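Each chain, written out:
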Amino acid sequence: MMNPVQRFRLGEKEARFRSPFFFFRILLLAFFVLTPFMFRSFEVLDVVLKIIIFSALVASYDVILGYTGIVSLGHVLYFGIGSYFVGIFMGKLGWTSYGHLALAFLIAIVISGILSVLIGLFSLRIRAIFFAMVTLAFMEFTFILSSQLRSITGGDDGISFKLPGILAVDFSYGKLLGIEWTGRLMSYYLILIISVILFLLMLRFVHSPVGRVLQSIRDNEPRSIALGYRTYLFQVIASSFASCVAAVTGGCFAIWVRYVSPDSSLSVPIMLDVLLMVIVGGMGTLYGGIFGAAFLMVTRAFLPKLQIIIASLLPGVPFAIRLSERWLFYFGLLFIIIVYFFPKGIVGTAQEIFSRRKNSQD
Amino acid sequence: MTPSPIIETKDLTIRFGGHVAVDHVNLQITPFTFKSIIGPNGAGKTTLFNMISGQYRPTEGKVFFKGKDITPLSPAIRTQLGIGRSFQLTNVFLSLTVLENVRLAIQSQKDIGFNFWKNYLHFSELEDRAYEILKMVLLDTKWNVPASGLTHGEQRKLEIAILIALETEVLLLDEPTAGMALEEVPSILELLKQIKNRRDKTILLVEHKMDVLMALSDSIAVLHEGKLIADDTPETISKNKEVQEAYFGGGRSRG
């Protein structure tokens, strides 16, 4: 005899490959895989790839903010560590083999893990706001360090570098399936694969027993403690896991742009972008990162173009052209509209509507 | 010969500013018995409770569990040692489902707390057990509802379900029937009676409604203005002059 819970879980399991959510995931993956075939312009590829990287970065931030309820303002620090290790290995040290690339990732992961455990042990036991300030301070400190230590980091100018083998700019395999397989394309697929793996890892993490405890901490920390969970240890685990993921995304970003500098990989504006993306996408959803990143990246890339389009469509109307110059204003407007109509973010609100409809059907 | 107490407090005292909320309380709780702490509002019952479960640190005095000094230990560790508690003000995970609330309590007693690579549903026996406990408190039909969607009385039941799920040797219940609808109270009392009759748990219960306790308790401790004024069987307590004074007469005459 099965109890109702077991019956429900079995039903869930059987419907796994029939749910709309499953199709949505397949569709999303297919879109990313086929992007190079669908769009030939580098510009589009660049935007899509940045969406991929930032999706993973934002999801890792969501593990801390949305699932555990800890506010970190220094998450981009680990993104920067990942970027810089790739940059320093490839550019400064000139160790440009695949092995060295892998080693750069590995060291970045280990250092990020250790650093975040130290910061966590040191500051998570006290108050949430304290953790936010400490992480922000660490990021600022590293930002200054990276712009001052010119001999290692290249200062504000950063480091440009070449990548090994099939990832190099001048690599070309020739034409296959109608497109040219350049180093760029190879990098695109490498980063896509890594990001998908990171995403799967994060999904596993939030659905594990640890992940469930994290959600209980977000909900009601004192109660979680009274259940016997040493919550700060769980918070440290979550924050160091997320930091390691962020380090990998940072390394991927460096591979894509083949350049690393304080402004491009380690600055407060990037942190603000990540915050914006997680809010737009929806906290505590993981998939929200994809929508948040897409929203920000797409509007940023294409809103400025509005100006050119309007200018060509209405050449004699200076008022329209002047209006279209204010693309940042429209960006702000869009952001307000999204936050207003999707209070839990795009994915969060969609989930809510979906589950409400399902409940009313029952 | 009485067995050595499972929980013992020695001169337990806490001051908030100048106010002495609990004043040199020496309490002994015999294993596998049902003890109630009663007293008028503001007598320091919940405060004493919070010191036993670890939410408050005493200003003075010590708490012993099985003869071991646990005064410096955190609430999380005390729960792991075997002291579980429920809260007077409903304190559950509101955004999680009723089942998940109970499942988390069971998980904390298992060795899988730090597992981060397997899906939590892999450990299906936890959900099975959680469902059984929900049946005991008559919440099984609501298992998939978020705890925020329960009525106040149902949340109280969930609170008790969580405590049962912890499987701790000592159960600390802080006014389990507070704010419950009258018709729901008997089912909770029946549940407490069942737990008591199994004689494998030590129960310490705080209440200010005396009628609830007379039939259930093995012994009753009376707190008044932070001091322990009596600790005896229900029959003796109900005849005790000092208790009558403090509990019924005292409060009224002082207005």
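The structure displayed is predicted, hence computed values, not measured ones. (Residues numbered from 1 in each chain as written. Chains lettered and ligands numbered in written order. Predicted model: local features only at pLDDT ≥ 70, side-chain atom pairs only at ≥ 80, totals over all residues.)

1. Quick look at the overall build of chain B
- A tally of regular secondary structure across chain B gives nine helices and 10 strands.
- Judged by the C-alpha coordinates and their principal axes, chain B covers about 55 × 40 × 40 Å.
- For chain B, buried positions account for 45% of its 255 residues.
- Considering only contacts within chain B whose residues lie at least 6 apart along the sequence, 68% involve residues at least 24 apart. (Helix = DSSP H or I, 4+ residues; strand = E, 2+ residues; numbered from the N terminus. Buried ≥ 20, exposed ≤ 12 C-beta atoms within 10 Å, placed from the backbone. Contact = placed C-beta atoms within 7 Å.)

2. Quick notes on the sheet that holds strand β2 (residues 19-29) of chain B
Residue and element names in this part refer to chain B.
- Taken in spatial order, the four strands make up an open sheet running β2-β1-β4-β5, and their pairing is antiparallel. The two strands at the open ends of the sheet, each matched to only one other strand, are β2 and β5 (68-69).
- Sheet analysis places strand β4 (residues 60-65) next to β5, joined by two bridges and oriented antiparallel. Its bridge partner lying in β5, Phe 64 is registered against Asp 69.
- Lying over the sheet, helix α1 (residues 45-53) contacts β1 (7-16), β2 and β4, oriented at roughly 120° with respect to β1. (Pairing = 2+ DSSP bridges. Axes fitted to C-alpha atoms, helices over the stretch in contact; angles between N-to-C directions.)

3. Examining the interface of chain B and chain A
- Each partner contributes to the interface: chain B provides 32 residues, whereas chain A provides 25 residues.
- Those elements giving two or more residues to the side of chain B that touches chain A turn out to be α2 (75-81), α3 (98-108) and α4 (124-136) of chain B.
- Residues that form the side of chain B that touches chain A fall into these classes: 18 nonpolar, 10 polar and four charged. (Nonpolar A, V, L, I, M, F, W, Y, C, P; charged D, E, K, R; others polar.)

4. Description of helix α4 (residues 76-92) of chain A
- Of all 17 residues in α4 of chain A, 16 are buried; the element is thus mostly enclosed.
- The positive-phi residue at the C-terminal boundary of α4 of chain A is Gly 94 of chain A, with phi of around 65°.

5. Here's the deal with the environment of Phe 93 of chain B
- With respect to the secondary-structure elements, Phe 93 of chain B resides in the loop between β6 (83-85) and α3.
- Between the C-alpha atom of Phe 93 of chain B and that of Ile 37 of chain B, which follows or precedes it by 56 residues, the distance is 27 Å.
- The residues contacting Phe 93 of chain B, other than those within four sequence positions of it, are Ser 216, Asp 219, Asn 220 and Arg 223 of chain A together with Asn 101 and Ala 147 of chain B.

6. Some details on the environment of Gln 351 of chain A
- With respect to the element layout, Gln 351 of chain A can be found in helix α17 (residues 345-361).
- In this structure, the C-alpha to C-alpha distance between Gln 351 of chain A and Thr 285 of chain A, residues 66 residues apart in sequence, is 8.9 Å.

7. Brief notes about the sheet that holds strand β9 (residues 219-224) of chain B
Residues and elements named next belong to chain B.
- Reading across the sheet, the six strands line up as β6-β7-β8-β3-β9-β10 and stay open at both edges, with mixed pairing between neighbours. Only two strands of the sheet have a single partner each, and these edge strands are β6 and β10 (227-232). Each strand of the sheet is rotated relative to its neighbour by a mean of 20°, with strand direction disregarded.
- Pairing between strand β7 (residues 170-174) and strand β8 (residues 202-206): five bridges, direction parallel. Each bridged residue has a counterpart across the sheet, and for Asp 174 the counterpart in β8 is Val 206.
- Set on the sheet, α1 makes contact with β3 (34-38), β6, β7, β8 and β9; between it and β7 the angle comes to about 150°.

Nothing here speaks to function; it is geometry throughout.
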